[in-house]
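Spelled out from the first residue to the last, the chains are:
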Amino acid sequence: MDKFTTLHGIAAPLPLINVDTDMIIPKQFLKTIKREGLGVNLFDEMRYDDDGREKPDFVLNRPAYRDAEILIAGENFGCGSSREHAPWAIKDFGIRCIVAPSYADIFFNNCFKNGILPVVLPPEQVDRLMDEAGKGSNARLTVDLENQEITTPSGEKIPFDVDPFRKHCLIEGLDDIGLTLERASAIESFEAEAAQSRPWV
């Protein structure tokens, strides 16, 4: 998993509440078990018309936000089904950080497991960042995970909380497999001892 330390990037405003996982990545794209290639279908029904043409008014289709790495969203982001394809699609598009007042629990947890930082802020602070994001590609935000703060183009610093263990995993680039491999020597020692003491197993 890619490490997350400091992100300086374009923030795209998505002022919608209750954005569910089917809106993030519709069910017809869930046939794959690969994490790559889903970004093109992120928010598919909002991004494209029935003929597959881009809807020019959708935020990620606008020139200023095509390279967005931060998403500013409304309450209860990621609700609905527990599909892990939702963070896969977000990450594959290039978004590494989401800022919202609240998230669905399973989606929130899946973000950390896939190298995405979901930041929770009070609604009034999210609204301020939404306004900043509305200024386009010249208004870039800096997300500093080590110091747990977001810096706006005007220099305002907005602190945020994050669980220390999840912070460690993001900074070190550790998913569940990576965490297990950190204990590889202990696992090997256990297996060797078990093979000697219980050879019949």
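Here the structure is a predicted model, which means the values were calculated and not measured. (Residues numbered from 1 in each chain as written. Predicted model: local features only at pLDDT ≥ 70, side-chain atom pairs only at ≥ 80, totals over all residues. Heavy atoms only, no water.)

**Student:** Quick question: what am I supposed to make of helix α3 (residues 85-93) here?
**Tutor:** Side chains of residues three or four places apart in an α-helix project in the same direction, reflecting 3.6 residues per turn. The buried fraction of α3 amounts to 7 of the 9 residues, a majority that puts the element mostly inside the structure. Of the residues making up α3, those classed as buried are H85, A86, P87, W88, A89, I90 and F93. After α3 finishes, the residue G94 shows a positive phi value of roughly 125°. (Buried < 20%, exposed > 50% of the residue type's maximum accessible area, 1.4 Å probe, protein only. Helix = DSSP H or I, 4+ residues; strand = E, 2+ residues; numbered from the N terminus.)

**Student:** Quick question: what am I supposed to make of the packing of aromatic side chains here?
**Tutor:** Think of a pair of aromatic rings as described by two things: how far the centres are apart, and how the planes are tilted against each other in angle. Inspection of the entire model under this criterion finds 4 aromatic pairs. Relative to F107, the ring of F77 has its centre 5.4 Å away and its plane inclined at 70°; by these criteria the two rings are edge-to-face. Residue F77 is found in the loop between β2 (70-73) and α3, and its partner F107 is found in helix α4 (residues 105-113); the two are separated by 30 residues along the sequence. Here F77 and F107 have matching classes, each one buried. Their ring planes at 80° and their centres at 5.2 Å tell us that F108 and F112 sit as a pair that is edge-to-face. One end of the pair, F108, and the other, F112, are both in helix α4, 4 residues apart, so they sit about a helical turn from each other. (Phe/Tyr/Trp six-rings, centres within 6.5 Å; stacked < 30°, edge-to-face > 60°.)

**Student:** Whenever I open this one, the pairing of strand β3 (residues 97-100) confuses me. Can you help?
**Tutor:** One face of the sheet, then the other: side chains in a regular strand alternate in exactly this way. Side chains C97 and V99 project from β3 onto one buried face, and the interleaved I98 and A100 project onto a second face that is buried too. Handedness of the crossover is the feature at issue here: the chain leaves β2, passes through α3, returns alongside β3, and the resulting connection is right-handed. In the sheet, β3 pairs with strand β4 (residues 117-120) via 4 bridges, with the strands oriented parallel. The residue of β4 that forms the bridge with C97 is L117. (Right-handed = clockwise from strand over helix to strand, strands pointing away. Pairing = 2+ DSSP bridges.)

**Student:** What's the story with the nonpolar core in this structure? I'm lost.
**Tutor:** One recurring pattern in soluble globular proteins: nonpolar side chains tend to sit buried together. F43, F77 and L117 are the most contacted members of the largest nonpolar core, which totals 57 residues. Once you skip the residues sitting within four places of it in the chain, L117 turns out to touch F4, R96, C97, I98, F112, V143, L145, F160, V162 and L170. (Core = buried A, V, L, I, M, F, W, Y, C linked by side-chain atoms within 4.5 Å. Contact = heavy atoms within 4.5 Å.)

**Student:** Sorry if this is basic, but what is going on with the packing of α3 against α4 here?
**Tutor:** Each pair of packed helices can be described by the angle between their axes along with the distance between the axes. Packing of α3 against α4 brings their axes to within 9 Å, and their N-to-C directions diverge by 45°. One finds that α3 runs oblique with respect to α4. α3 and α4 meet at a crossing whose hand is right-handed. For the pair α3 and α4, contact is made by A86, P87 and I90 and by F107, N110 and C111, respectively. Class assignment of the residues belonging to the contact of α3 with α4 gives a composition of 5 nonpolar, 1 polar and no charged. (Axes fitted to C-alpha atoms, helices over the stretch in contact; angles between N-to-C directions. Parallel < 35°, antiparallel > 145°, perpendicular 65-115°, else oblique. Left-handed = near helix turned anticlockwise from the far one by under 90°. Nonpolar A, V, L, I, M, F, W, Y, C, P; charged D, E, K, R; others polar.)

**Student:** Could you clarify how one ought to interpret the pattern of salt bridges in this entry?
**Tutor:** Where side chains of opposite charge bring their charged atoms close, a pairing between them can arise. Following the criterion strictly, the structure yields 8 salt bridges and no others. For R53, the salt bridge goes to D51, with nearest N and O atoms at 3.2 Å. Of the two residues, R53 and D51, neither departs from the other in class, the shared state being exposed. For the salt bridge of K135 with E132, the shortest nitrogen-to-oxygen distance reads 3.3 Å. Accessibility expressed as a relative area gives 58% for K135, which makes it exposed. One network of salt bridges, in which partners are shared, links D49, D51 and R53. (Salt bridge = Lys/Arg side-chain N within 4 Å of Asp/Glu carboxyl O.)

**Student:** Would you take a moment to explain α4 for this structure?
**Tutor:** All of the buried residues in α4 are F107, F108, N110, C111 and F112. If you follow the buried residues of α4, they end up packed against α1 (21-24), α3, β3, β4 and α6 (164-172). Following α4 by one or two positions, G115 adopts a phi angle in the positive range, close to 80°.

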